[in-house]
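As a plain string of letters, each chain reads:
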Amino acid sequence: MKNVYSGTMNLDEWIRFFIDSIVSDDLSEELVGSFLMHLADLGALLPLDGDAWEWRTRNSEAESKNLIARVKKDIESLCDSESGFALPYFIGYKNSYKKSLQFGDEVDTSSKNSTKANVTQQRSEIFSSIKPAADLSNLQIVKKSGKQLQPFLQLEETVVSRLTGRHASKQDAQKLFHYMFGKIGIKAEPRVWEQLSRKRHR
């Protein structure tokens, strides 16, 4: 039997609603809970007395399909705002444009291809710089790894601080960030091993 939802539900019911109709299939209930706390910080989900939460344009008599349409419309509207930059990473019912996670420079949303190429290049630099360190002491390896991970740590700190709010804790924000980063992460090519192989045959 199909679940029937209303504009006012407890958190567990909202989690099931979002898993059924809104978010990507690979999100766990725990991660959806963190996502809902972020939506609460954006003013889309409002806390009531007890464990009840209501959608900001509530109509408790509305059918589930009307609630789904309303939630989708509100989320898509928030996606266009600066504070809603993270939302497209979690939407599962359509492929939305995902803004860059780099906030050091202003992101030109009108030039999507240029931005995407920029982000890809920055990610490549982060990952390709992590190479095996031969004949280094443990201290040197730790220092080298620390420098290589610095761009990632700075990015994490920036994004997490933006996702942390009144309802979403730092732990919620970290879960959201790691999911988002997993969506854009790429694997470094094993170029080092190719070079070693060539040197041996020279």
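J.: Can you walk me through the packing of aromatic side chains in this structure?
T.: Think of a pair of aromatic rings as described by two things: how far the centres are apart, and how the planes are tilted against each other in angle. Enumeration according to the criterion identifies 10 aromatic pairs in this entry. Centre to centre, the rings of Y5 and F17 are 5.2 Å apart; their planes meet at 75°, and the pair counts as edge-to-face. Here F17 lies in helix 1 (residues 11-21) and Y5 lies in the segment before strand 1 (8-10), a separation of 12 residues in the sequence. The burial state of Y5 is the same as that of F17; both residues are buried. Residues F18 and W55 carry aromatic rings whose centres are separated by 6.1 Å and whose planes lie at 45° to one another, so their mutual orientation is tilted. In this pair, F18 is assigned in helix 1 and W55 in strand 3 (residues 52-55), connecting sequence segments 37 residues apart. Per residue, the accessibility class of F18 equals that of W55, and both read buried. Taken together through their ring pairs, the aromatic side chains of Y5, W14, F17, F18, F35, W55, F90 and Y179 make up a single cluster. Lying over the aromatic face of Y93, K72 brings its terminal NZ or CZ to 4.4 Å of the ring centre.

J.: Teacher, can you tell me more about the environment of E157 here?
T.: Among the secondary structure elements, E157 is positioned in helix 5 (residues 138-163). Taking C-alpha positions, E157 is 10.0 Å from A173, a pair spaced 16 residues apart along the chain.

J.: Explain the packing of helix 1 against helix 2 (residues 29-41) to me, please; I cannot follow it from the model alone.
T.: For any two helices packed against each other, the geometry is given by the interaxial angle and the distance between the axes. Running from N to C, helix 1 and helix 2 cross one another at 105°; their axes reach a closest spacing of 9 Å. With respect to each other, helix 1 and helix 2 are oriented roughly perpendicular. In this structure, helix 1 contributes L11, W14, I15, F18 and I19 to the contact, and helix 2 contributes E29, V32, G33, F35, L36, M37 and L39. For the contact of helix 1 with helix 2, a count of residues per class yields 10 nonpolar, one polar and one charged.

J.: What is the right way to look at helix 1 in this model?
T.: Helical periodicity: at 3.6 residues per turn, an α-helix aligns residues three or four positions apart in one direction. Within the sequence span of helix 1, burial applies to W14, I15, F17, F18 and S21. What you see down the axis of helix 1 is that its buried residues fit within an arc of 160°, all on one side. Looking at where helix 1 begins, the residue whose side-chain oxygen comes 3.1 Å from the main-chain nitrogen of D12 is N10.

J.: I tried to follow the confidence of the model for the chain on my own but got confused; where do I start?
T.: Interpretation of this model should avoid reading the predicted coordinates in detail wherever pLDDT is low. On average, residues of the chain score 77 in pLDDT, and 63% of them reach the 70 mark or higher. Confidence, read as mean pLDDT per element, is least for helix 7 (residues 191-201) in the chain (47) and greatest for helix 2 (97). Every residue in residues 104-116 is under pLDDT 50, and counting partners more than four places away or in other chains gives eight contacts. Across residues 186-197 the pLDDT falls below 50, and counting only partners more than four positions away or on other chains, this stretch makes 10 contacts in the model.

J.: Explanation requested: the packing of helix 2 against helix 6 (residues 170-184) in the structure shown.
T.: Contact geometry for helix 2 and helix 6: axes closest at 9 Å, N-to-C directions at 110°. In this view, helix 2 runs roughly perpendicular relative to helix 6, as classed from their interaxial angle. Handedness of the crossing formed by helix 2 with helix 6: left-handed. Within the contact between the two elements, helix 2 uses E30, L31, S34, F35, M37 and H38 and helix 6 uses D172, K175, L176 and Y179. Class assignment for the residues of the contact of helix 2 with helix 6 results in five nonpolar, two polar and three charged.

Calculation criteria
- Residues numbered from 1 in each chain as written.
- Predicted model: local features only at pLDDT ≥ 70, side-chain atom pairs only at ≥ 80, totals over all residues.
- Heavy atoms only, no water.
- Phe/Tyr/Trp six-rings, centres within 6.5 Å; stacked < 30°, edge-to-face > 60°.
- Helix = DSSP H or I, 4+ residues; strand = E, 2+ residues; numbered from the N terminus.
- Buried < 20%, exposed > 50% of the residue type's maximum accessible area, 1.4 Å probe, protein only.
- Lys NZ or Arg CZ within 6 Å of the ring centre and 35° of its normal.
- Axes fitted to C-alpha atoms, helices over the stretch in contact; angles between N-to-C directions.
- Parallel < 35°, antiparallel > 145°, perpendicular 65-115°, else oblique.
- Contact = heavy atoms within 4.5 Å.
- Nonpolar A, V, L, I, M, F, W, Y, C, P; charged D, E, K, R; others polar.
- Arc of directions from axis to C-beta.
- Polar contact = N/O pair within 3.5 Å; in protein donor to acceptor, adjacent residues only side chain to side chain.
- pLDDT = per-residue confidence, 0-100.
- Left-handed = near helix turned anticlockwise from the far one by under 90°.

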